[in-house]
Amino acid sequence: MSIIVNGSAGELPDDPRVSLLDYLREHSGLHGTKKGCDQGACRACTVLADGERILACLALAVQYEGRSVTTIEGLTEAGSLHPLQRAFIASDGFQCGYCTPGQICSAVGMAREVSRGVPSYVTGDLSAETVRLGRDELRERMSGNLCRCGAYNGVVAAIADTYAPGTNAMEAAE
Amino acid sequence: MIPFAYARAADTADAVRLGSVANAKYLGGGTNLVDLMRETIERRLGTDPQHGHGGREHAAAHPLPLLLRP
């Protein structure tokens, strides 16, 4: 049984109780993905499975046999930071940084959902084929990723600069 | 977490077959089954009406398959 993490195949554990999060951190030495609550509430452990954002703490590693998982370590390309990583630095999208890998993986997955026209709770026209990533859409779609430092405005600014340039993330109305 | 067995269904018919096993539970998207198992709140497999709570040995003898939708 194998799993692909950041492009490299690895052996899955025999014990099905091992969460994907513990597999990444304890078995694969990838400590970028963080364990916050370990019960699906904080989303610090968000990673991408075949491009979809998932919570690694509530996923069993064996569930992802044969699947491709991308962590924050896998977002860098040829040693240079992902555009979102650069935007987080530029916008002060963090204080302690604990939630940041999850925020960034979540935002990458979110952008893919938007590009596919997947509606959110605040999308007005559910049948529309395209979604405009405005302030309210962005905040709603990222609302599950908690930041206890309260760096939300910087987080939103970084994501808006990357995926919705020209949008004023601080505007009160759409 | 109490030990359990995990099985992956190959198709719908396989999922129905595997799901008919005693104490089997389906693991799907949006479930909170895993965190309830982690907190041992979800522990049906550890409960034996004949012998009370059986613990690990009982759980190992009567594993709980977790099934994925194909």
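Residues numbered from 1 in each chain as written. Chains lettered and ligands numbered in written order. Predicted model: local features only at pLDDT ≥ 70, side-chain atom pairs only at ≥ 80, totals over all residues.

### With respect to the overall build of chain B
Line of reasoning, step 1. Counting secondary structure elements, chain B contains three helices and five strands.
Line of reasoning, step 2. What you see in chain B, going N to C, is helices and strands ordered as β-α-β-α-β-β-α-β.
Line of reasoning, step 3. The 70 residues of chain B split such that 17% are buried.
Line of reasoning, step 4. Residue pairs at least 24 apart in sequence account for 69% of intrachain contacts in chain B once pairs closer than 6 positions are excluded. (Helix = DSSP H or I, 4+ residues; strand = E, 2+ residues; numbered from the N terminus. Buried ≥ 20, exposed ≤ 12 C-beta atoms within 10 Å, placed from the backbone. Contact = placed C-beta atoms within 7 Å.)

### Let's talk about the interface of chain A and chain B
Accessible area lost upon the coming together of the parts serves often as the stated size of an interface.
Line of reasoning, step 1. Each partner contributes to the interface: chain A provides eight residues, whereas chain B provides eight residues.
Line of reasoning, step 2. Class assignment of the residues belonging to the side of chain A that touches chain B gives a composition of four nonpolar, three polar and one charged. (Nonpolar A, V, L, I, M, F, W, Y, C, P; charged D, E, K, R; others polar.)

### Here's the deal with the packing of helix H3 (residues 83–90) of chain A against helix H6 (residues 152–163) of chain A
Residues and elements named next belong to chain A.
Line of reasoning, step 1. One can describe the packing of H3 onto H6 by two numbers: an axis separation of 8 Å at closest approach and a directional angle of 135 degrees. Here H3 lies oblique to H6, going by the angle between them. Crossing angle aside, the handedness with which H3 passes H6 is right-handed. Facing Pro-83, Leu-84, Ala-87 and Phe-88 of H3, the residues of H6 in contact are Ala-158, Asp-161 and Thr-162.
Line of reasoning, step 2. Of the residues in the contact of H3 with H6, the class split is five nonpolar, one polar and one charged. (Axes fitted to C-alpha atoms, helices over the stretch in contact; angles between N-to-C directions. Parallel < 35°, antiparallel > 145°, perpendicular 65-115°, else oblique. Left-handed = near helix turned anticlockwise from the far one by under 90°.)

### Points about helix H4 (residues 100–115) of chain A
Residues and elements named next belong to chain A.
Line of reasoning, step 1. Given a rise of 1.5 Å per residue, 16 residues ought to cover 22 Å, and the 22 Å separating the end C-alpha atoms of H4 matches this to within 8%.
Line of reasoning, step 2. The buried fraction of H4 is high, at twelve of 16 residues.
Line of reasoning, step 3. For H4, the set of buried residues is Thr-100, Pro-101, Gly-102, Gln-103, Ile-104, Cys-105, Ser-106, Ala-107, Val-108, Gly-109, Met-110 and Val-114.
Line of reasoning, step 4. Tucked inside the fold, the buried residues of H4 contact strand E3 (46–49), strand E4 (52–55), helix H2 (72–75), H3, helix H5 (135–141) and H6.
Line of reasoning, step 5. A positive backbone phi angle near 80 degrees is found at Gly-117, which sits one or two residues after H4. (Expected span 1.5 Å × (residues − 1).)

### Quick notes on unusual backbone geometry
Line of reasoning, step 1. The phi dihedral of A:Asp38 is positive, around 60 degrees, even though this residue is not glycine.
Line of reasoning, step 2. Here A:Asp38 is to be found in the loop between helix H1 (20–27) and E3.

### A look at the sheet that holds strand E5 (residues 68–70) of chain A
Residue and element names in this part refer to chain A.
Line of reasoning, step 1. Read across the open sheet, the five strands follow the order E2-E1-E5-E3-E4; overall the sheet is mixed. Of all strands in the sheet, those with a lone pairing partner are strand E2 (8–11) and E4, marking the two edges. Between one strand and the next, the sheet's axes are offset by a mean angle of 40 degrees, whatever the strand orientation.
Line of reasoning, step 2. Two strands pair when backbone bridges link them, and strand E1 (residues 2–5) and E2 are joined in this way by four bridges, in the antiparallel orientation. Bridge pairing in E2 links Ile-3 to Gly-10.
Line of reasoning, step 3. Running over the sheet, H4 touches E3 and E4 and is turned about 40 degrees from E3. (Pairing = 2+ DSSP bridges.)

### Thoughts on the domain arrangement of chain A
Residue and element names in this part refer to chain A.
Line of reasoning, step 1. Each assigned domain of chain A is listed here: domain 1 (2–75) and domain 2 (83–163).
Line of reasoning, step 2. The interface of domain 1 with domain 2 comprises 16 residues on the first partner and 14 residues on the second.
Line of reasoning, step 3. For the side of domain 1 that touches domain 2, the secondary structure elements donating two or more residues are E3, E4 and H2.
Line of reasoning, step 4. Element by element, the count of residues in the side of domain 1 that touches domain 2 is highest for E3, at three residues. (Domains from an automatic or database assignment.)

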